[in-house]
Every structure is written in structure tokens, then in C-alpha cells.
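Observations on the three-dimensional arrangement
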Amino acid sequence: MRKIGLVLGGGAVRGLAHLGVLKGLEKHGIPVAGIIGTSMGGAIGGLYAAGISAGDIERMLLRTPKYRFIDLGLRQRGLLAGNGIPQAVNRLLEQHDKANLPIERFPIRFKAIAVDLMEGKQVILDRGDLGTALRATTAFPGVFAPLMIDGRMLVDGGVLNNLPVQEMRNEPVDFVIAVDVAREHEKRPPRSMIEVVYRSYSLMTAERKHSSLHLADLVIRSEVGQYAAFDFTKAAECIEAGEAAVEQSIERIRARLLEE
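Under an unreviewed UniProt entry, the name given to the protein chain is Patatin-like phospholipase family protein, and the source organism is Cohnella cellulosilytica.

Let us look at the UniProt feature "active site" (unreviewed entry) in the protein chain. If you check UniProt for "active site" (unreviewed entry), the listed places come out as Ser39 and Asp156 in our numbering. Taking the farthest pair of C-alpha atoms as the criterion, the annotated set spanning 118 residues converges on one region, since that pair is 5.7 Å apart. Position of Ser39 relative to the elements: it lies in the loop between strand 2 (34-38) and helix 2 (40-49). Its relative accessible area of 10% is what places Ser39 among the buried residues.

Inspection of the secondary structure assignment puts Lys111 in strand 3 (residues 109-116). For Lys111, the contacting residues outside a window of four places in its chain are Ile35, Ile36, Gly37, Ile124, Leu125, Asp126 and Glu171.

We now examine the pairing of strand 2. For strand 2, the buried fraction is high: five of the five residues fall into the buried class. Here strand 2 shows a buried face lined by Gly34, Ile36 and Thr38 and a second buried face lined by Ile35 and Gly37. Two elements, strand 1 (residues 4-8) and strand 2, share four bridges in a ladder whose sense is parallel. For Gly5, the partnering residue across the bridge sits in strand 2 and is Gly34. The pairing of strand 2 with strand 3 spans five bridges and is classified as parallel. If you follow Thr38 over to strand 3, its bridge partner there is Ile113.

Time to look at the pattern of salt bridges. What the rule picks out here adds up to eleven salt bridges. Between Glu171 and Lys111 there is a salt bridge, and its shortest N-O distance comes to 2.7 Å. You can see Glu171 sitting in the loop between helix 6 (165-169) and strand 7 (175-180) and its partner Lys111 sitting in strand 3, a full 60 residues away along the chain. The partner of Asp217 in a salt bridge is Arg169, with the nearest N and O atoms 3.1 Å apart. Linking Asp217 in the loop between helix 7 (193-213) and strand 8 (218-221) with Arg169 in helix 6, this pair joins segments that are 48 residues apart in sequence. The class of Arg169 is partly exposed, set by a relative accessible area of 36%. A cluster of three or more residues bridged by salt bridges with shared partners is formed by Lys23, Glu58 and Glu243.

At Ser249, helix 8 (residues 235-257) shows its maximal kink, close to 55°. Three or more residues of helix 8 are buried, namely Ala235, Cys238, Ile239, Ala241, Gly242, Ala245, Val246, Ser249, Ile250, Ile253 and Leu257. Next to the buried residues of helix 8 lie strand 1, helix 1 (17-27), helix 3 (54-63), strand 7 and strand 8.

Procedures and definitions
Residues numbered from 1 in each chain as written. Predicted model: local features only at pLDDT ≥ 70, side-chain atom pairs only at ≥ 80, totals over all residues. Heavy atoms only, no water. UniProt positions renumbered as here; feature names shortened; annotations may be inferred. Helix = DSSP H or I, 4+ residues; strand = E, 2+ residues; numbered from the N terminus. Buried < 20%, exposed > 50% of the residue type's maximum accessible area, 1.4 Å probe, protein only. Contact = heavy atoms within 4.5 Å. Pairing = 2+ DSSP bridges. Salt bridge = Lys/Arg side-chain N within 4 Å of Asp/Glu carboxyl O. Bend = angle between axes of the 7 residues up to and from the residue.

Written as C-alpha cells, this is what we have:
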């Protein structure tokens, strides 16, 4: 069977559809050989690559009070310090006896994408502590404070590359699937400051995302555009949308995997 490389981009709560996609692939017994993720895609993909099942990740997300994922950090270059994310990740890793497992020893090859604001360049995180990598790739500018590490100021990789398909093309996989959870431009006015920032950010990255989609062998599109990016009351619906998208694509996936 050909090896699948999965590319998971950002999308805030819509990015939880990535989890549904992984659940769907698990259901049909389709293994994933490599994952590259940005932002929410990096968070979901990193936990899965570490060997935690999609169902266990889902239970953690839906049962953990949302305040545990955030902490105030007004003096740290963001509205939120963002340390709650690695803390939640580390708790889940500990529960599965994977707390000391570095990324380079994961059962599934994994890379998280971040951006160094000091150099204005993309950074690939594929070694060491998963919590640190996910803290960097989920540091959405203006909301979560950047991660300062080794002289670099790291933020969400979507600033430059929200769907890193090209990076997967350099990996030892045969078949690249990109999961698109982004919504095309909407005309409803943003409801909060965070939505203003997110909408602006999405517009700036849209062209790069469309270019990246053309590089994938197959694109799975989850119907999550009707949900506001930061409406976490819709987490379960986004996960279900990802599962439904796999069901719609499963025959194409199987056909491509059997190609010589």
C-alpha cells in the first residue's frame, strides 16, 4: 500500500475537523505515514503522530474546560500567554505514557510549522518536546503571545504558510492528502476584535493556500464554513464534519492507494 502524507492547516475551531478526518481514516483502517501541521492542524496532528488515538484526543478536547487551554498574559505580546496548550498536551501525553517521547521517535513522522518573527522565515519543528512545538505553531499573532526560544520569536506557521503541502512533498510518502477547513471570504461583519484579526489574517494567506492545494494529490474539504472560527461550542459539529468528509472521499482514497 502506498504511504499517505497528511497536511493539516489552521482554522481555529474549524480545524477540529482534522480530528474527524483522522477518526474517519482510522475507521476504514487507512494508516498515515506522515503528518505536517500548522496551528490547530499541528496540535491535532502532533498528538495523533505521538500514538494517541483520534478518539482519545476527542475525549480530551470535549471534556477539558476551555479555560484550561488559555491563561492571561497581557504583558507578553499577546492577549493570552498560551501556556495552557502545552500543559494540556503534556497531561494527555502523560496519561498515555508518552511524556518523554521526543518528536523524532514518534510512530508517525511529524513536523509542526511556525514562523520566526525576528527573521521573517518559516521554521520547521520536528525534534524534541511536542508541547513546545505546539505552543509555537498555535501562537496566533495578537491573541497568543509568541514563544521565545533559542533567540527566536515563534508564532503560528500560518502567517506564511497555512497549508504546508510543499513541505510534505519532500517527505518519504507516495500520496499527499491536504485537508482544507478554511472558509472563503464571508460578508458578515466580524463580531469581536479577535475575529477582525483572524479575518484579516485569513485574507492575507488565502492566495498561498490555494496554490498549496494544487500540489496535493487529493483534497478533503470539510463543511465547516458556517461555524465562526472561535465558536468552541461547535467543536463536536466540526469533528463530525471531518468524519463526513472522509466518507465522501473514501473510495477515491482507496483507489489512489492501490495505484502502482
